[in-house]
Amino acid sequence: MKLSKRILAILEIIFMMFAMEVSVCDTKRVSAGTNGLRQRAVMVDVVLYNFKDKYVSLVRENLEEIQKQNEGKVVFRFYDGKGNQSTQDEVLSNLASNSADIIMVNLVDTKAAQDVIERFKSKNIPIIFFNREPVSVDVLKSYGKAYYVGTNAKEAGEMQGKVIVDIWNKNRDLIDKNNNGVLQYVVLEGEHGSIEARERTEFSIGTINKAGIKTEQIALKAADWQRDLARTNISSLLLQYDKNIEAIIANNDEMAIGAVEALQKYGHNLGEKNKTIVVVGIDATAEAQELIKKGFMAGSVMQDPSEMAKAIYAIGMNVFEGRDPLYDTKYKFDDTKVAVRLPYYEYVA
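Residues numbered from 1 in each chain as written. Predicted model: local features only at pLDDT ≥ 70, side-chain atom pairs only at ≥ 80, totals over all residues. Heavy atoms only, no water.

(A) Looking closely at the sheet that holds strand 4 (residues 127-130). A sheet is described by the order of its strands in space; here 6 strands give the open sequence 2-1-3-4-5-11, paired in parallel fashion. The open sheet has two edge strands, strand 2 (74-80) and strand 11 (339-341), and neither has a second partner. If you compare each strand with its neighbour and ignore which way they point, the axes differ by 20° on average. In this sheet, strand 4 lies alongside strand 3 (residues 102-105) in parallel orientation, the contact comprising 3 bridges. Residue Val 105 lies in a different strand from strand 4, and its bridge partner there is Phe 129. Along the sheet face, helix 2 (residues 54-69) touches strand 1 (42-48), strand 2 and strand 4 and points at about 160° away from the line of strand 2. Packed onto the sheet, helix 11 (residues 305-320) meets strand 1, strand 2, strand 3, strand 4, strand 5 (146-150) and strand 11 and runs at close to 165° relative to strand 5. (Pairing = 2+ DSSP bridges. Helix = DSSP H or I, 4+ residues; strand = E, 2+ residues; numbered from the N terminus. Axes fitted to C-alpha atoms, helices over the stretch in contact; angles between N-to-C directions. Contact = heavy atoms within 4.5 Å.)

Printed below as a string of structure tokens:
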């Protein structure tokens with residue numbers, strides 16, 4: 001009887017030791033699995049509005065640079081919406097069935113944010129919208145892992161208007177060609193129906209008017225953010241209103257550059273003060289900066305693509321890792337608590 005108890009006790013000890021060993025092994029496997037996941041590069045699908053858009057292409061280049069600097073940590077895969085919402089929808093649909101760790105979206109149609117959220121919400125994938133602002137960022141609140149990084153279109157318009165006000169006050173002869181005390185201008189609008197384009201225009205003109213400058217709009221042409229369309233539109237307007245146009249206000253630099261190219265074709269903006277029409281843009285791209293330095297463009301408002309890339313990367317990684325979206329960053333949410341607004345900077349010669 002005593003022998004049987006001893007045998008049972010020995011067997012019980014052996015069983016307990018075996019169970020403990022299994023538990024330790026399982027823990028090691030789980031730990032190894034977790035470490036394996038963390039060591040794998042984070043896959044980020046970046047769905048862009050249009051590869052041809054200059055500013056968007058610069059953001060892409062800066063994301064590629066971030067990938068080089070973080071080799072093995074993150075991989076960006078880029079997809080072209082080609083400026084067409086149906087094309088972008090097809091891309092998103094394909095990605096939803098084989099999605100990455102993070103989705104970054106530069107919307108074609110700014111009303112489509114809710115549709116994007118519905119595609120990826122069930123998969124618990126972080127979504128970072130950027131640059132082209134959803135019609136209402138409040139829709140992002142329906143999903144705890146959706147955020148927006150962009151700028152304040154009103155601020156861009158105000159700074160652009162200030163560039164013209166400064167020229168009017170300091171170098172009136174350059175801009176008020178007919179000396180009638182009225183600024184006669186043309187607007188190159190990004191696209192009809194775009195809140196961002198409308199606000200850039202409204203606050204640019206509003207800033208000029210608030211400064212006590214009388215204005216007359218000669219024409220407003222939508223050039224869809226594109227240089228070629230802007231060049232065509234200004235060429236046509238010069239044939240109609242050549243001597244009346246004193247300033248061209250473009251919603252972005254690509255259109256401003258297109259305007260300068262059209263002006264130069266007709267002998268303007270080649271360095272002769274009396275034949276220079278004031279042209280202002282937004283973005284302060286490298287090409288625009290060169291034109292400003294040469295005096296062919298009056299100024300621009302800088303929207304830093306490098307800062308945009310850094311912000312969407314940092315916030316996206318924080319959300320993926322389960323941290324606070326703004327952890328270890330300098331960024332702050334606006335009143336919505338889901339949108340970060342990056343600052344603009346005035347750029348003049």
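(B) Seen up close, the pairing of strand 4. Side-chain alternation along strand 4 places Ile 127 and Phe 129 on one buried face and Ile 128 and Phe 130 on a second face that is also buried. Regarding topology, helix 4 (residues 113-120) serves as the crossover connection from strand 3 to the parallel strand 4, and that connection is right-handed. Here 4 bridges tie strand 4 to strand 5, and the two strands are oriented parallel to one another. Each bridged residue has a counterpart across the sheet, and for Ile 128 the counterpart in strand 5 is Tyr 147. (Buried < 20%, exposed > 50% of the residue type's maximum accessible area, 1.4 Å probe, protein only. Right-handed = clockwise from strand over helix to strand, strands pointing away.)

(C) Geometry of helix 9 (residues 253-265). Along its 13 residues, helix 9 runs 18 Å from first to last C-alpha, staying within 8% of the 18 Å computed at 1.5 Å per residue. Burial analysis of helix 9 places 10 of its 13 residues in the buried class, the great majority of the element. For helix 9, the capping residue at the N-terminal end is Asn 252, with a side-chain oxygen 3.0 Å from the backbone nitrogen of Met 255. One or two steps after helix 9, the chain reaches Gly 267, where phi turns positive at roughly 90°. (Expected span 1.5 Å × (residues − 1). Polar contact = N/O pair within 3.5 Å; in protein donor to acceptor, adjacent residues only side chain to side chain.)

(D) Representation of the side chain of Asp 176 in the model. By secondary structure assignment, the location of Asp 176 is in the loop between helix 6 (172-175) and strand 6 (182-189). Each residue touching Asp 176, except ones within four places of it in the same chain, is listed here: Trp 168, Gly 181, Val 182 and Glu 246.

(E) Region of interest: the environment of Ser 204. Following the sequence through the fold, Ser 204 ends up in helix 7 (residues 195-210). Measuring from C-alpha to C-alpha, the distance between Ser 204 and Val 163 comes to 9.4 Å, with 41 residues separating the pair along the chain.

(F) Spotlight on the packing of aromatic side chains. Evaluation of the coordinates by the stated rule reveals 3 aromatic pairs. Aromatic side chains Phe 76 and Tyr 313 sit 6.2 Å apart centroid to centroid with 65° between the ring planes, which places their arrangement in the edge-to-face category. Of the two residues, Phe 76 is situated in strand 2 and Tyr 313 in helix 11; the sequence distance between them amounts to 237 residues. Here Tyr 147 and Phe 333 contribute two aromatic rings whose centre-to-centre distance is 5.6 Å and whose plane-to-plane angle is 15°, an arrangement assigned as stacked. Note that Tyr 147 is positioned in strand 5 and Phe 333 in the loop between helix 11 and strand 11, a separation of 186 residues in sequence. One aromatic cluster in this structure is built from Phe 76, Phe 78 and Tyr 313. The ring of Phe 51 has Arg 60 lying over it, and the distance from NZ or CZ to the ring centre is 4.4 Å. Positioned above the aromatic ring of Tyr 49, the side-chain terminus of Arg 132 is 4.0 Å from the ring centre. (Phe/Tyr/Trp six-rings, centres within 6.5 Å; stacked < 30°, edge-to-face > 60°. Lys NZ or Arg CZ within 6 Å of the ring centre and 35° of its normal.)

(G) Structural view of the environment of Ala 262. Relative to the helices and strands, Ala 262 is located in helix 9. Look at Ala 262 and you get buried, because its relative accessible area is 1%. In the structure, Ala 262 is positioned 25 residues away from Leu 237 in sequence and 9.9 Å away in space, judged by C-alpha atoms. Not counting chain neighbours up to four residues away, the residues in contact with Ala 262 comprise Arg 231, Ile 234, Ser 235 and Leu 238.

(H) Spotlight on the packing of helix 3 (residues 85-97) against helix 4. For the pair helix 3 and helix 4, interaxial distance at closest approach is 9 Å and the crossing angle is 15°. Put simply, helix 3 runs roughly parallel to helix 4. The two elements helix 3 and helix 4 cross, and the hand of that crossing is right-handed. On helix 4, the residues that touch Asp 89, Leu 92, Ser 93, Leu 95 and Ala 96 of helix 3 are Val 116, Arg 119 and Phe 120. The residue makeup of the contact of helix 3 with helix 4, split by class, is 5 nonpolar, 1 polar and 2 charged. (Parallel < 35°, antiparallel > 145°, perpendicular 65-115°, else oblique. Left-handed = near helix turned anticlockwise from the far one by under 90°. Nonpolar A, V, L, I, M, F, W, Y, C, P; charged D, E, K, R; others polar.)

Geometry only, nothing functional implied.
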